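As a plain string of letters, each chain reads:
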Amino acid sequence: MSDNHDSDGWFDKPENVKKMLKVFYVICGLLVLVDFIVHRHIYHDWENIPAFYAIYGFIGCVVLVLIATEMRKFLMRGEDYYDE
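Per chain, residue numbering runs from 1 following the sequence as it is written. In keeping with the model being predicted, local features are shown solely for residues with a pLDDT of at least 70 and side-chain atom pairs are shown and tallied solely at 80 or more, while totals for entire chains, interfaces and linings include all residues. To get the side-chain values, take all heavy atoms of the structure and skip hydrogens and water.

## Some details on the UniProt feature "transmembrane region" (unreviewed entry) in the protein
Link 1 in the chain: UniProt positions are given in the numbering used here, feature names are shortened, and annotations may be inferred rather than shown by experiment. Taking the UniProt record as the reference, the feature "transmembrane region" (unreviewed entry) is found at residues 23-43 and 49-68.
Link 2 in the chain: Helix and strand assignments come from DSSP, with helices taken as H or I runs of at least 4 residues and strands as E runs of at least 2, each series counted from the N terminus. Along residues 49-68, the helical share is 85% and the strand share 0%, with 28 Å between the first and last C-alpha atoms.

Structure representation (structure tokens):
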């Protein structure tokens, strides 16, 4: 086995990344379609909204990024913080 670190990995090739994204989007689309077919036992009325969990997850991720962006303003240290 060679220790050649110059060779590109599988994810370093743009065509492979495009293939993986296509697979990811197809899986996401299928999951949204399955949401219309599979019977769910709901506890709240808003769970009846089509694609509720996909929308809920997306909004949750957006809120998480926005909160982290605001937290960065007061948690971030200077560039030479550890060199002092």
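## Quick look at the packing of aromatic side chains
Link 1 in the chain: In this analysis, rings of Phe, Tyr and Trp, with Trp reduced to its six-membered ring, are considered paired at centre separations within 6.5 Å, and the interplanar angle assigns stacked below 30 degrees, edge-to-face beyond 60, and tilted for intermediate values. Scanning the model with the defined rule gives 4 aromatic pairs in all.
Link 2 in the chain: Taking 5.2 Å as the distance between ring centres and 90° as the angle between the ring planes, the aromatic pair formed by tryptophan 10 and phenylalanine 11 counts as edge-to-face.
Link 3 in the chain: Buried means the residue's accessible area, taken with a 1.4 Å probe over protein chains only, is under 20% of the maximum for its type, while exposed means over 50%, and partly exposed covers the values in between. Using a relative accessible area of 46% as the deciding quantity, one classes tryptophan 10 as partly exposed.
Link 4 in the chain: Seen in terms of ring centroids, phenylalanine 52 and tyrosine 53 are 5.0 Å apart; in terms of plane orientation they differ by 75°. Their pairing is edge-to-face.
Link 5 in the chain: Taking relative accessible area as the criterion, phenylalanine 52 reaches 14% and is therefore assigned buried.

## Regarding the side chain of glutamate 47
Link 1 in the chain: Positionally, glutamate 47 belongs in the loop between helix H1 (14-37) and helix H2 (52-75).
Link 2 in the chain: Charge assignment: positive for Lys and Arg, negative for Asp and Glu; neither His nor the chain ends contribute. Salt bridge, as used here, is a side-chain nitrogen of Lys or Arg placed within 4 Å of a carboxyl oxygen of Asp or Glu. One buried charged residue, glutamate 47, remains without a salt bridge, the closest side chain of opposite sign being arginine 40 at 5.6 Å.
Link 3 in the chain: Only 2.8 Å separates the side chain of glutamate 47 from the backbone nitrogen of tyrosine 43, close enough to count as a polar contact.
Link 4 in the chain: If near-sequence neighbours (up to four positions away) are discounted, glutamate 47 is found in contact with Arg40, Ile42, Phe52 and Tyr53. Two N or O atoms count as a polar contact when they lie within 3.5 Å, although within protein this holds only if one can serve as hydrogen donor and the other as acceptor, and sequence-adjacent residues are included solely when both atoms are side-chain atoms. Residues count as neighbours in contact if any of their non-hydrogen atoms are within 4.5 Å of one another.

## What to know about the pattern of salt bridges
Link 1 in the chain: For the coordinates displayed, the defined rule picks out 2 salt bridges.
Link 2 in the chain: Among the salt bridges present, the one from aspartate 35 reaches arginine 40, with a minimum N-O distance of 3.2 Å.
Link 3 in the chain: On the accessibility criterion, aspartate 35 (16% relative accessible area) is buried.
Link 4 in the chain: You can call arginine 40 partly exposed: its relative accessible area is 26%.
Link 5 in the chain: Across the pair glutamate 70 and lysine 73 runs a salt bridge, and its minimum N-O distance is 3.3 Å. A residue pair is termed a helical-turn pair when its members lie 3 or 4 positions apart in one helix, as glutamate 70 and lysine 73 do in helix H2 at 3 residues.

## Examining the environment of asparagine 48
Link 1 in the chain: Structurally, the position occupied by asparagine 48 is in the loop between H1 and H2.
Link 2 in the chain: Taking the C-alpha atoms as reference points, asparagine 48 and phenylalanine 36, 12 residues apart in sequence, are found 9.9 Å from one another.

## Examining the environment of histidine 41
Link 1 in the chain: Looking at the secondary structure, you find histidine 41 in the loop between H1 and H2.
Link 2 in the chain: As for histidine 41 and valine 26, which are separated by 15 residues in sequence, their C-alpha atoms are 26 Å apart.

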